[in-house]
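The lines below spell out each chain.
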Amino acid sequence: MKTKHALAAALTLVLAGGLASCADSGGTEANGGNAATNCTNTIEKKDLPVVTMWAWYPNMELVVDNFNKESDDVQVCWTNAGQGGDEYDKFQTAITAGTGAPDVIMIEADRIPTFQVQNAIVDIAAFGYDDVKDNYSEGAWKDVSVGEGVYGVPVDGGPMGMIYRKDIFDTYGITPPTTWAEYEAAAQKVKDAGGPLFGDLGANVPAVMMALQYQNGAEPFTYDSADPEKISINLNDDASKEVLDYWDGLVEKGLVGTQDQFTPEYIAGVIGGDYATYISAAWAPGYLTGAGVGEGEDAGVWATAPLPQWDASDPTYVNWGGSAFSVTSQASNPELAAKVAFGVYADEASLTDGWQNQVIFPLNLTALNSPDFENYEVPFFGGQLANKEVYVPAANGYTGMTYTPFGAYYFDAFNEQLASINEGSVSGSEAADGLQESVVKYAEEQGFTVE
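Here the residue index of a chain counts from 1 through its sequence in written order. Local features in this predicted model are restricted to residues whose pLDDT is 70 or higher, and side-chain atom pairs enter the listing and the counts only when it is 80 or higher, whereas totals over whole chains, interfaces and linings include all residues. Computation of side-chain values: all heavy atoms of the structure, hydrogens and water removed.

J.: Now, about the overall build of the protein chain: what can you tell me, with residues and values included?
T.: Of the regular secondary structure elements, the protein chain holds 19 helices and 14 strands. Relative to the compact-globule value of 22 Å for 451 residues, the protein chain shows a C-alpha radius of gyration of 22 Å, a close match. Seen along its three principal axes, the alpha-carbon backbone of the protein chain occupies a region of about 70 × 50 × 40 Å. Counting every position in the protein chain, which comprises 451 residues, the buried fraction comes to 56%. Numbering goes from the N terminus for both helices and strands, where a helix is a DSSP run of H or I of at least four residues and a strand is a run of E of at least two. Note on method: radius of gyration uses C-alpha positions; expected globular size equals 2.2 Å times residues raised to 0.38. A simple rule labels every residue: compare its accessible area, found with a 1.4 Å probe on the protein chains alone, to the largest value its type can have, and call it buried under 20%, exposed over 50%, or partly exposed in between.

J.: So, the environment of phenylalanine 373: which residues are in play, and what are the values?
T.: Along the chain, phenylalanine 373 falls in helix H16 (residues 371-374). Sequence-wise, phenylalanine 373 and asparagine 387 are 14 residues apart; in three dimensions their C-alpha atoms are separated by 7.0 Å. Whether two residues are in contact is decided by their heavy atoms, any of which lying within 4.5 Å being enough. In this structure phenylalanine 373 touches Trp355, Phe361, Pro362, Ala367, Leu368, Asn387 and Val392, once residues within four positions along its chain are discounted.

J.: How would you summarise the confidence of the model for the protein chain if you had to cite specific residues and measurements?
T.: A score from 0 to 100, pLDDT tells how confident the predictor is in each residue. Averaged over all residues, the pLDDT of the protein chain equals 91, while 92% of them reach at least 70. Confidence drops under pLDDT 50 across residues 1-35; counting only partners more than four residues distant or on other chains, this segment forms 80 contacts.

J.: Can you tell me about the packing of helix H10 (residues 238-252) against helix H18 (residues 407-423), naming the residues and giving the values?
T.: A fitted line through C-alpha atoms represents every axis, and for helices the fit uses only the stretch in contact; the resulting angles, taken between N-to-C directions, go from 0 to 180 degrees. Look at H10 against H18: their axes get within 9 Å of each other, and the N-to-C directions meet at 40°. Taken together, the axes of H10 and H18 lie oblique to each other. Residues Leu244, Asp248 and Val251 of H10 pack against Phe414, Leu418, Ile421 and Asn422 of H18. Angles are sorted into four bins: roughly parallel if under 35 degrees, roughly antiparallel if over 145, roughly perpendicular if 65 to 115, and oblique for all others.

J.: How would you sum up unusual backbone geometry? Please name residues and give values.
T.: For asparagine 119, which is not glycine, the phi dihedral falls at a positive 60°. Structurally, asparagine 119 can be placed in the loop between helix H4 (112-116) and helix H5 (125-132). Despite not being glycine, phenylalanine 262 has its phi angle at roughly 60°, a positive value. For phenylalanine 262, a relative accessible area of 37% corresponds to the partly exposed category.

J.: Lay out the pairing of strand S2 (residues 75-79) in plain terms, naming residues and giving numbers.
T.: Counting buried positions over the five residues of S2 gives five, a clear majority of the element. Here S2 shows no split at all, with Gln75, Cys77 and Thr79 on one side and Val76 and Trp78 on the other all buried. By this definition, two strands are paired if DSSP reports at least two bridges between them. Two elements, strand S1 (residues 50-54) and S2, share five bridges in a ladder whose sense is parallel. Each residue of the ladder has a partner; that of threonine 52, found in S2, is cysteine 77. The crossover handedness rule: strands pointing away from the viewer, path from first strand over the helix to second strand clockwise, crossover right-handed. For the crossover from S1 across helix H2 (residues 60-70) to S2, the handedness is right-handed.

So this is what it looks like as structure tokens:
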């Protein structure tokens, strides 16, 4: 049986690919808490130890300045090393080289197990977690944990809801569906009346389908860092198949589209009124506004409602997206780095700027449950109290997910199966079976024992 180190090495080779030849973006100055010279921000308290950080939040400079101003123990040297994959590429290079990583790094929650299994980030449970654990929900902590280990500090999330066009709903006499059965009935009503597509099954957003499967009671993965060689994979159970068969049926009946999302074609369709709903997360208004949605003729036509449920008598809340601050294994003072991870983006000024000006959905309960946030009249939704009515209840009711150490492969394989559903070459159940076979084979090739 392979050891954890062997598993980590195998995954490193797969994940890094040709990344090892990339330029080292950090260098020794951005490592180990040493004074750094490549900070984007200005460090005023030069006599304090310095912790380096990579993060891409749009208001990060303000956030770091707020932290540094209040801290008398440590200062943060912040660098934007790229967003998402660009940053991960540089981090993977530093992991392979054994040097060049920052002390603290921003990571999306679903990527945490990928870096944890490589020993690239550390468990921070002993470095102050007990002091701040009540500041976040159970679900927020589960998303950044692997087994009993805590490998990140949650910052923002993506509680899901159903964004819809009020004008289309009014035209066809539709009220927001509360169940997926009602969603299909409403879609059929609109189609029968000659209306637009009701939604879209984008093959490139498998995280949405994973969330909907969780909502239906599925648990795709069970993984614990205490027993790192074993993983449970259940991608073709009845609950998972029911979800994929449902969406396969919507596609087959012509009730939803099959356009990849986050593309110019999809955005043009959203702006043009080709879709009555958009199943997405609390961060979507910021994305849509940046893409030009909500302007011109469709200004003020958008609203949001709770995500339809599979079982209205037992509502389940799910999440899409969200990021955290993790402490890397290259930090020479993990406890000091954890102090930064726990404390940065946790002050009222930074949290308020995040949700007011950057459309960052906060997971810190001080902001999440504040009257100002709950009663905020969201401009994109024409002043609707979207947080109070939809997103805050969803965030508070969310109990978390278990992500996999090979999330990139899983999502790519899921993408392929969703594309096959859209092409009509497989049913939803067949796609689930194909996904199970593919991911189990990959896991075993990496040295995992699949249960």
